[in-house]
Amino acid sequence: MASGKEIRTKIKSVENTRKITRAMEMVAAAKMRKAQERMRAARPYAEKIGNVAAHLSQANPEYKHPFVTQRDQDKRVGLIVVTTDKGLCGGLNTNVLRLVVNQMKKWDAANVSVDLTAIGNKGLGFLQRSGGNVVSHVVALGDTPHIERLIGPVKVMLDAYMEGKIDALHIVYNRFVNTMKQEPMVQQVLPLSAPKDDKPVHHWDYIYEPEAKSVVDALLTRYIEALIYQAVAENMACEQSARMVAMKAASDNAKNVIGELKLVYNKTRQAAITKELSEIVAGAAAV
């Protein structure tokens, strides 16, 4: 059995750890509220421009952008992986990276090659260790996503799609459901497809001003920007929520460990006192 001094040292160490996890829990809670407000503010715009861009793919305009042109066969695809820069957020990154691995296995079975873009340090490290073909990346985004930093690495994929090097582009990220639940999902970015909620097939038509090319080019650029920004904003809200929950669980576990160590310490102390009394009594009896 450990001595009383060793147990007191362990108790002090766990108490210090609990102070850290409590502080991280409160910081994550404050950041989570801001991240959720930012994410919810961006959602309506992202959904609306996504629907308009998807409806555009069903139209028959005089100008057909390459982003809305369906390819006959996918021989090479691009995948944008959105993860966090920091850890200590439970299984958030594990779940999304497991989804990435499963999706890549499906493509590998169909003889489809994959080019990767990593947004976030955790995803970049995993993809590099696993031997993935990472063509671009961005890390150290901080607590607020900035579209100018995101578009650069994503433009590598967009240029590859325009040049015909890849036939489709997908993005993987964590979708925020609520504070306790985050859902990893794969979403197709290019080519544009009809929205899933449209049961009948609509034949959309638009009148462009000043001309179709300038309007469609600007619209699809905004669509890509909105989609990437929304995915990163959702992932950041998921990160802070998962970190808050993980740090609360760590604080609760530390409290339980402290209670168990104090119980062991008291038992050890009582055993030591009993032993000393026994020795004193035995010594007195011997005299």
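Predicted, not measured: the structure shown is a model, and the values here were computed from it.

Draft legend 1. View of the pairing of strand β1 (residues 76-82). In terms of burial, β1 is a largely internal element, 6 of the 7 residues being buried. As defined by bridge partners, β1 adjoins strand β2 (residues 113-119) across 7 bridges and the pair is classed as parallel. Residue G78 lies in a different strand from β2, and its bridge partner there is D115. With respect to chirality, the unit in which β1 leads through helix α2 (residues 92-109) into the neighbouring parallel β2 is right-handed. Bridge count between β1 and strand β4 (residues 168-178): 5 bridges; the pairing is parallel. Bridge pairing links I80 to I171 in β4.

Draft legend 2. Spatial organisation of the packing of helix α4 (residues 147-162) against helix α5 (residues 212-286). Relative orientation of the contacting elements α4 and α5 amounts to 115 degrees, with a least axis distance of 10 Å. Note on packing geometry: the crossing formed by α4 with α5 is right-handed. Contacts from I147, L150, I151, V154 and L158 in α4 reach I224, E225, I228, Y229 and V232 in α5. When the residues that make up the contact of α4 with α5 are grouped by side-chain class, the tally is 9 nonpolar, no polar and 1 charged.

Draft legend 3. Broad picture of the side chain of E239. Counting through the fold element by element, E239 comes out in helix α5. The buried category is assigned to E239, whose relative accessible area is 9%. Residues contacting E239, with those up to four places away along its chain left out, are T84, K86, C89 and L92.

Draft legend 4. Highlighting the packing of α2 against helix α3 (residues 121-129). Relative to each other, α2 and α3 sit at 40 degrees, their axes nearing to 11 Å. With respect to their mutual orientation, α2 and α3 come out oblique. The crossing of α2 and α3 is right-handed. Residue-level inspection shows N93, L97, V100 and V101 of α2 in contact with α3, the latter providing K122, G123, F126 and L127. When grouped by side-chain class, the residues that make up the contact of α2 with α3 number 5 nonpolar, 2 polar and 1 charged.

Draft legend 5. View of the sheet that holds β2. In space, the 5 strands of this open sheet follow the order β3-β2-β1-β4-β5, with mixed pairing throughout. Whereas interior strands pair on both sides, the edge strands pair on one side only; in this sheet they are β3 (134-138) and β5 (181-190). Looking at each pair of strands side by side, their axes are set apart by 20 degrees on average, direction ignored. Pairing of β2 with β3 involves 4 bridges; the strand directions are parallel. Paired with T117 across the bridge in β3 is S136.

The rules behind these values
- Residues numbered from 1 in each chain as written.
- Predicted model: local features only at pLDDT ≥ 70, side-chain atom pairs only at ≥ 80, totals over all residues.
- Heavy atoms only, no water.
- Buried < 20%, exposed > 50% of the residue type's maximum accessible area, 1.4 Å probe, protein only.
- Helix = DSSP H or I, 4+ residues; strand = E, 2+ residues; numbered from the N terminus.
- Pairing = 2+ DSSP bridges.
- Right-handed = clockwise from strand over helix to strand, strands pointing away.
- Axes fitted to C-alpha atoms, helices over the stretch in contact; angles between N-to-C directions.
- Left-handed = near helix turned anticlockwise from the far one by under 90°.
- Contact = heavy atoms within 4.5 Å.
- Nonpolar A, V, L, I, M, F, W, Y, C, P; charged D, E, K, R; others polar.
- Parallel < 35°, antiparallel > 145°, perpendicular 65-115°, else oblique.

By themselves these figures say nothing about function.
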